[in-house]
Amino acid sequence: KIYNQLNDIMYIVSSVLEDFKGQLCQFILDDKGVVLIGTFGLRGSTFPNMVSERALPACRIIHSVLENELSIESQIGATLGKVYCGIVGGVERNDFSVLGASVNLAARLMTQNNHPGIMVDEEVRLYAKNVNFESFPPVEAKGYSNLVPVYKPLTTKESRWGKVNPNFVGRKVEMAKFSKIALGMSRRDLPSKMIFIQCDSGVGKSSLIVQAIAEVRKSLKVRMINVVLSRNVCADGDNLVPFSLFRHVFRDVLNEKGHDDDTTYGSRRSSSQRSNAPSISISVISSVAYTENQNIERRLEQIAEQIKVPKSVVEIVGHHLLGRSKLKMSKVEKAPDIADIIKYMANIFIRAISHAEMVVLALDDVHFMDSLSWKVIRCIFEESKNVFIVCASHSMESFASTVDNEFRELLTSKYKDENRFTDMQLNALDKIDIQMMAAKVFTCEPQDVDDEVSNDVYLHSRGVPYFAFEILNTCFKNKLIEKLANNKIGWNEDYKKNVDGVQFANLNELMLQRLDNLSELTRKILQFASVLGSTFDFNEILQLSGLILSIPSEEMRQHSIDIKLALESAVEEGILDETLEEKETNEGDIFTSMLANKQTTQYEMQEKDDCIEDSIYSQYTFHHSVWQRLVLSLLLDSFKCDIHKHAAMAIEAKSLDADSQDYRTKVKLFQHWKESANSLKASDLALDIGHSYKMLGLNQHSITIYGNALEIWKKHKPADGESLLAGFAPQVLENLDEPNLVLLIKLQTALGQAVGSTLNQDKKESAQAFQDALEILRYTPVSAEIKDRAFVFPIYSGMFFLLKYGVLVEPSET
């Protein structure tokens, strides 16, 4: 058994290193256990971005596969430096080895106490582009005179928290509230709590969340508290996707290494408890991003079986919510009760985090969140223990529009009185805070910043943190500041042409200047990206730009290089943030099959190699929503339509099987067709999505998607002196052709049916939808030419149903 296990370890590690063009130099079994030494960068195997794109991903996959497939815990120390590589030993007995200070440091990091799984040194951190790190206490190491800084590379989930802003200032009162609530919850089992942050755009709600959670994590780590963290940033359009919030949240908590047997359910695991799994230590010189997908389905099924979740609900969660598009949905004979789905989802979440002593759930931009996600959040909030829910929104008005009034009322009354709900309003920074920010940007002490600088920046930015930082950073880059005679940092005398000091009238003007300094291709790529949304991946932008710019297939490789460079320049300028994401492929399954049959053919090895290289890709996010809005505002409406059209074509080309698409993909496709003014494709897709929602009991989302589709025609205003007819401008109805009229009537009818079959919905609205459909038919000229009128029958059947139950009253004869 031990021999087979060692053989499997050898096979997995050597295979992964080979895939990423690394080398396994030594495999040692001694008193320390099993030690492996791997290298990257030997002669003939050096590559650009080798640390971030090869060494670190290899480390993550090795660590993940050993744990998930062989139940072996590994500790990896990864360093970067110059070493001796060659033959060591005598003539008769020698081996190839690597020797040097960085090798010793890698071994030191490998055996470090309280190991997070992968530890790296300062050199790896500096060379790893677009990878976030968490600092650990420095260590002593042979060959180093000073303590050596060490770091943990953050996973994809952890990277979604965003980078801690080094120029963060102020917010001491708010930070203290965060710490008090979090630390208080960590000491004993308490009912879950919620804090709700609201402010205007640019005031810094996202930065506050990231900064506060970072401080809380440090405090909890010192106290050895086992904490689970998950963050989700809601996006425009999420209100159309049922349970949109839980796509990332469920993936986060299901990927946690929990203990789901019945004996541990409902109890928190002590921080001092350790797994009894076999252990292995791996020393790898150099290291980041590994796939977290392989265990999620398995754990979802295990938890669902333990708490008796119906298979239909598991399929809904797995296929549509987690985006496991390769899983085919069973045909739904009867719509599951929506209340049951909400309850089961909350129970799955609570069970998945039962091993943790505390859970932090940070939800940003919740004004975009759908109503069903709010219902699950309510259930978690009311039923769980020690879950700290942090919500952030632009305004309380937006919050009120997506959460049901009953829950909102309970939050602001009962739960607030019980100290379970805290409302936090963020305002602009004070002048002293702007002075501290200037000191951080100028790398000096706050008292060394001239008062005129802090006064000018405060007046022009009005204390808005993002605007203030943009002004200070631009002035610093353009050398508009200098050391004055009084030894303070002030305005450059050549720059100060008037008493107003700073020359930027508003934030848009400042940002436009930065956009103008970019290359033409970079500006064009940012235009495409602004239409795709706040977040997009490299393949999306590559495919879209190739279509719009008509790039021939033989030139796509060079085009991809150009796109990558353009995106990198936008990242360097601070317009975009880049993270390494993992596609939803199961590398663990690949290795499982390979372990079962090691007689792998050359074709199978190439297929595995392609899968792993394709599993890691770059995902980009606009650093701030202000950038996306600015770029969008510069585009002509006709150009926006063209980008939306090609984006929709790209999605259709990528997902030829419509049945395998999850709701998020379908809604994104619908939005692109709608914004491209293709009413036929958008309406047809809306009918399909709405019908799917209805079959799953999600009638409210059906109503929302139908109403959204009808906006295609309703957005046109009537001419002067005209009134709306059934909610539409008469000129629009007069110009409808037959296909558009049929789809419009089908949408109106589907809307009436969805409203009529929804509880707590005014059935008179259903009657009005049917009556509007008939009025449109009577008024539209082309309706008289339609021969196949089967689409009209559902209108009458719907009205007959309402008549039967007294919603409509049959007119009496006079």
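Above this text sits the structure in question.
Here's what I pulled together on the structure shown here.

## Some details on helix α8 (residues 246-255)
Right, on to step 1. Within α8, eight of the 10 residues are buried, leaving the element largely enclosed by the surrounding structure.
Right, on to step 2. Those residues of α8 that sit buried are F246, R247, V249, F250, R251, D252, V253 and L254.

## Some words on the side chain of S97
Right, on to step 1. Tracing the sequence through the fold places S97 in strand β5 (residues 94-99).
Right, on to step 2. Relative accessible area serves as the criterion here: at 7%, S97 is assigned to the buried category.
Right, on to step 3. Among the polar contacts listed, one links the side chain of S97 to the side chain of Q26, at a separation of 3.2 Å.

## A short note on the sheet that holds strand β12 (residues 358-364)
Right, on to step 1. Judged by pairing direction, the sheet is parallel, and its five strands sit side by side in the order β10-β12-β13-β9-β14 without closing on themselves. Looking at strand neighbours, the two that pair on one side only are β10 (227-233) and β14 (421-425), the edges of this open sheet. Strand-to-strand twist in this sheet, taken as the mean axis angle between neighbours without regard to direction, amounts to 10°.
Right, on to step 2. Summarising the sheet, β12 and strand β13 (residues 387-393) pair through five bridges and their orientation is parallel. Its bridge partner lying in β13, A362 is registered against V390.

## As for the packing of helix α26 (residues 663-675) against helix α27 (residues 679-695)
Right, on to step 1. Taken N-terminus to C-terminus, the directions of α26 and α27 make an angle of 155°; their axes are 8 Å apart at the nearest point. Between α26 and α27, the crossing angle belongs to the class labelled roughly antiparallel. Relative to α27, α26 is oriented so that their crossing is left-handed. Two secondary-structure elements touch here, α26 through Y663, K666, V667, L669, F670, W673 and K674 and α27 through K681, A682, L685, A686, D688, I689, S692 and Y693.
Right, on to step 2. Considering only residue class, the contact of α26 with α27 consists of 10 nonpolar, one polar and four charged.

## Quick word on the environment of L6
Right, on to step 1. Along the chain, the position of L6 falls in helix α1 (residues 2-19).
Right, on to step 2. Looking at L6, the relative accessible area reads 21%, which means it is partly exposed.
Right, on to step 3. L6 sits 23 residues away from L29 along the chain, and the two C-alpha atoms are 9.5 Å apart.
Right, on to step 4. Sequence-distant contacts of L6, that is, excluding residues within four places in its chain, are made with F27, L29 and V34.

## Here's the deal with the pattern of salt bridges
When their charged atoms lie close together, side chains carrying opposite charge are able to pair.
Right, on to step 1. Applying the stated criterion to the full structure yields 14 salt bridges.
Right, on to step 2. The salt bridge involving K205 is made with D365; its shortest N-O contact spans 2.5 Å.
Right, on to step 3. Here E540 and K668 are joined by a salt bridge, their closest N and O atoms 3.4 Å apart. Note that E540 is positioned in helix α20 (residues 538-548) and K668 in helix α26, a separation of 128 residues in sequence.
Right, on to step 4. One network of salt bridges, in which partners are shared, links K205, R231, D364 and D365.

## Examining the packing of aromatic side chains
Right, on to step 1. According to the stated counting rule, one finds nine aromatic pairs in the structure shown.
Right, on to step 2. Taking 5.1 Å as the distance between ring centres and 85° as the angle between the ring planes, the aromatic pair formed by F381 and Y415 counts as edge-to-face. Separated by 34 residues along the polypeptide, F381 in helix α12 (residues 371-383) and Y415 in helix α14 (residues 405-417) bring together distant segments of the chain. Note on accessibility: F381 and Y415 belong to one class, buried.
Right, on to step 3. Taken together, a centroid distance of 5.7 Å and an interplanar angle of 20° make the contact between F536 and Y620 stacked. Taken together, the positions of F536 in strand β17 (residues 535-537) and Y620 in strand β19 (residues 616-622) put the pair 84 residues apart, joining distant regions of the chain. Residues F536 and Y620 agree in their burial class; the two are buried.

## Overview of the state of the cysteines
Right, on to step 1. This model, assessed by the stated rule, comprises zero disulfides.
Right, on to step 2. No disulfide involves C85; its sulfur sits 7.4 Å from that of C25, the nearest cysteine.
Right, on to step 3. By relative accessible area, C85 is classed as partly exposed at 36%.
Right, on to step 4. Of all cysteine sulfurs, the one in C234 lies closest to C391, which takes part in no disulfide; the gap is 8.8 Å.

About the cut-offs
Residues numbered from 1 in each chain as written. Predicted model: local features only at pLDDT ≥ 70, side-chain atom pairs only at ≥ 80, totals over all residues. Heavy atoms only, no water. Buried < 20%, exposed > 50% of the residue type's maximum accessible area, 1.4 Å probe, protein only. Helix = DSSP H or I, 4+ residues; strand = E, 2+ residues; numbered from the N terminus. Polar contact = N/O pair within 3.5 Å; in protein donor to acceptor, adjacent residues only side chain to side chain. Pairing = 2+ DSSP bridges. Axes fitted to C-alpha atoms, helices over the stretch in contact; angles between N-to-C directions. Parallel < 35°, antiparallel > 145°, perpendicular 65-115°, else oblique. Left-handed = near helix turned anticlockwise from the far one by under 90°. Contact = heavy atoms within 4.5 Å. Nonpolar A, V, L, I, M, F, W, Y, C, P; charged D, E, K, R; others polar. Salt bridge = Lys/Arg side-chain N within 4 Å of Asp/Glu carboxyl O. Phe/Tyr/Trp six-rings, centres within 6.5 Å; stacked < 30°, edge-to-face > 60°. Disulfide = S-S within 2.5 Å.

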